[in-house]
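Commentary on secondary and tertiary structure
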Amino acid sequence: MNVSNGKFVAKTDLGDGYTRWDWAVHYPINNYSVSVNIGRYVHFEDRLGNLPLDFYVLPGSLDAAKRQFAQARPMIEAYQHYFGEYPFAKDGYKLIEVPYSGMEHQSAVTYGNHFANGYLERDWTGVGISPKFDFIIIHESGHEWFGNAISAADVSDMWIHEGWTTYLENLYVEHLFGYDAALRYVNGYKSKVRNREPIVTQRGIHRTPPQDMYFKGALFLNTLRSVVNDDARWWKLLRDFFQHFKYQNILTEDVVAYFNAQLGQDLTPVFNQYLRRPELPVLELAFNPAEGTVAYRWNAGERGFAMPIRVGTPGDWQTIQPSTDWKLMKTSLNKDTFEVATDLFYVNVSKQ
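Our subject in this report is the structure included herewith. (Residues numbered from 1 in each chain as written. Predicted model: local features only at pLDDT ≥ 70, side-chain atom pairs only at ≥ 80, totals over all residues. Heavy atoms only, no water.)

1. Notes on a nonpolar patch on the surface
Taken together, the side chains of Val 25, Ile 29 and Val 34 make up a nonpolar region of the molecular surface, amounting to roughly 210 Å² of accessible area. Relative to the helices and strands, Ile 29 resides in the loop between β3 (18–24) and β4 (36–38). (Patch = residues over 30% accessible without salt bridge, like charges linked within 9 Å, V, L, I, M, F, W, Y side chains within 5 Å. Areas by Shrake-Rupley, 256 points an atom, 1.4 Å probe, with all protein chains shown as cover. Salt bridge = Lys/Arg side-chain N within 4 Å of Asp/Glu carboxyl O. Helix = DSSP H or I, 4+ residues; strand = E, 2+ residues; numbered from the N terminus.)

2. Topic: unusual backbone geometry
A positive phi angle, near 60°, is found at Asp 16, a position not held by glycine. Position of Asp 16 among the secondary structure elements: in the loop between β2 (7–15) and β3. Of note, Phe 115 is a non-glycine position whose phi angle comes to about 50°, a positive value. Among the secondary structure elements, Phe 115 is positioned in the loop between β9 (109–111) and α3 (135–142).

3. Let's talk about the packing of α3 against helix α4 (residues 159–177)
Remark: α3 packs on α4, axes separated minimally by 8 Å, with the N-to-C direction vectors making an angle of 130°. With respect to α4, the element α3 is oriented oblique. Classified by chirality, the crossing of α4 by α3 is right-handed. Residue-level inspection shows Phe 135, Ile 138, His 139 and Gly 142 of α3 in contact with α4, the latter providing Glu 162, Thr 165, Thr 166, Leu 168, Glu 169 and Tyr 172. (Axes fitted to C-alpha atoms, helices over the stretch in contact; angles between N-to-C directions. Parallel < 35°, antiparallel > 145°, perpendicular 65-115°, else oblique. Left-handed = near helix turned anticlockwise from the far one by under 90°. Contact = heavy atoms within 4.5 Å.)

4. Thoughts on the environment of Gly 102
As for its position among the elements, Gly 102 is in strand β8 (residues 102–103). Gly 102 sits in the buried class, given a relative accessible area of 12%. Sequence separation of Gly 102 and Glu 140 is 38 residues, and the distance between their C-alpha atoms is 7.2 Å. Excluding its chain neighbours within four sequence positions, the residues that come into contact with Gly 102 are Thr 110, Tyr 111, Gly 112, Ile 136 and Glu 140. (Buried < 20%, exposed > 50% of the residue type's maximum accessible area, 1.4 Å probe, protein only.)

5. Here we look at the pairing of strand β14 (residues 309–313)
Most of β14 is tucked away, with four of its five residues classed as buried. Here β14 runs beside strand β15 (residues 316–320); their pairing, made up of five bridges, is antiparallel. By the bridge assignment, Arg 310 is partnered in β15 with Thr 319. Remark: two residues form the turn of the hairpin made by β14 and β15, two consecutive strands paired antiparallel; Gly 315 in that turn has positive phi of roughly 90°. (Pairing = 2+ DSSP bridges.)

6. Structural notes on the sheet that holds β14
In space, the three strands of this open sheet follow the order β15-β14-β17, with antiparallel pairing throughout. Looking at strand neighbours, the two that pair on one side only are β15 and β17 (339–340), the edges of this open sheet. Here β14 pairs with β17 via two bridges, running antiparallel. Within β17, the position partnered with Gly 312 by the bridge is Glu 339.

7. Here's the deal with the nonpolar core
Phe 69, Tyr 93, Trp 159, Phe 259 and Phe 271 are the most contacted members of the largest nonpolar core, which has 101 residues in total. When residues in this core are grouped by element, the largest group, nine residues, is from helix α6 (residues 212–228). Apart from residues no more than four positions distant in its own chain, Phe 259 is found in contact with Trp 164, Leu 224, Trp 234, Leu 237, Phe 241 and Phe 271. Among the nonpolar cores identified, the runner-up in size contains seven residues, and Tyr 41, Tyr 56, Ile 96 and Val 98 belong to it. (Core = buried A, V, L, I, M, F, W, Y, C linked by side-chain atoms within 4.5 Å.)

8. Observations concerning the sheet that holds strand β16 (residues 327–330)
Strand pairing in a sheet relies on backbone hydrogen bonds. The paired strands run either parallel or antiparallel. Read from one edge to the other, the open sheet built from four strands follows the order β16-β13-β12-β18, with strand pairing classed as mixed. Pairing within the sheet leaves two strands with one partner each, and these edge strands are β16 and β18 (348–351). Looking at each pair of strands side by side, their axes are set apart by 25° on average, direction ignored. Bridge count for strand β13 (residues 293–299) against β16 is four bridges, and the pairing is antiparallel. Within β16, the residue paired with Ala 295 across the bridge is Leu 328.

Below, the structure is given as structure tokens:
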């Protein structure tokens, strides 16, 4: 049996041991998403409304797959909640067993995660959230939205695939397990970030970006949500962004221009600092206990970097507007009790 992208059309016996399998793809498809999977598969199915969910596994995997692939329906429901209808409805959604961990082939997601939660049976972010779900089902299927429906026009901008889809994992966690779990989950990715190279590589030389495009990309989007500081506006922005660029090839410049226009502010220096420079911005704090003040500024390579951030104490955060110039504020807190919301903003902090 061959299982490929798109909707099944026909099976033709050609004789002499050969069979022809025809599948029709109804949407634009990026070249690396084209997939041919040949095996002695058995098939079972489900539906989500009018959307067919088809599953193809080897006979010995059937019972485990029926248990594990039940996660596909709530996963698609979660992503539809945030971004709108599954983008390849005419082709349906498929999960196909393969002898490697998995990949995001459009409408034919391949799967080899041992029919177990986590990633290859590991707690992927190390904070106790990953064992609640199957990483390959959730991540690779998330690429149906970012990577397949919206594709990067150049490999330099692959964070549009990988950073966004890693952030989609976080949205899935929030939808099923709550905001606190999602915050722990995304911050668990900090240990995987190296901050040695920019996420966006030089254009036009086909150089694959560093792994930071996954983890730092997701942490940047979590930071951007905190910058917007209005969840109703954030959720609308995500949905509108996806719907606007669906079935298109885009560049980072398109993402930045859209966010700037929709939010009515110039966030270009923020995008550039996180995507085009390797180092994190550092919030520098200088305390003067005698006067009860703290001076603050951003130490950032990007000219004009000015990003709001929350400081003070958890439950009583105060939003300040640092720039690269020193500013002064009164505080009753000292160096040890003055905190920065580093779970909401991916930054470094320096105190003196």
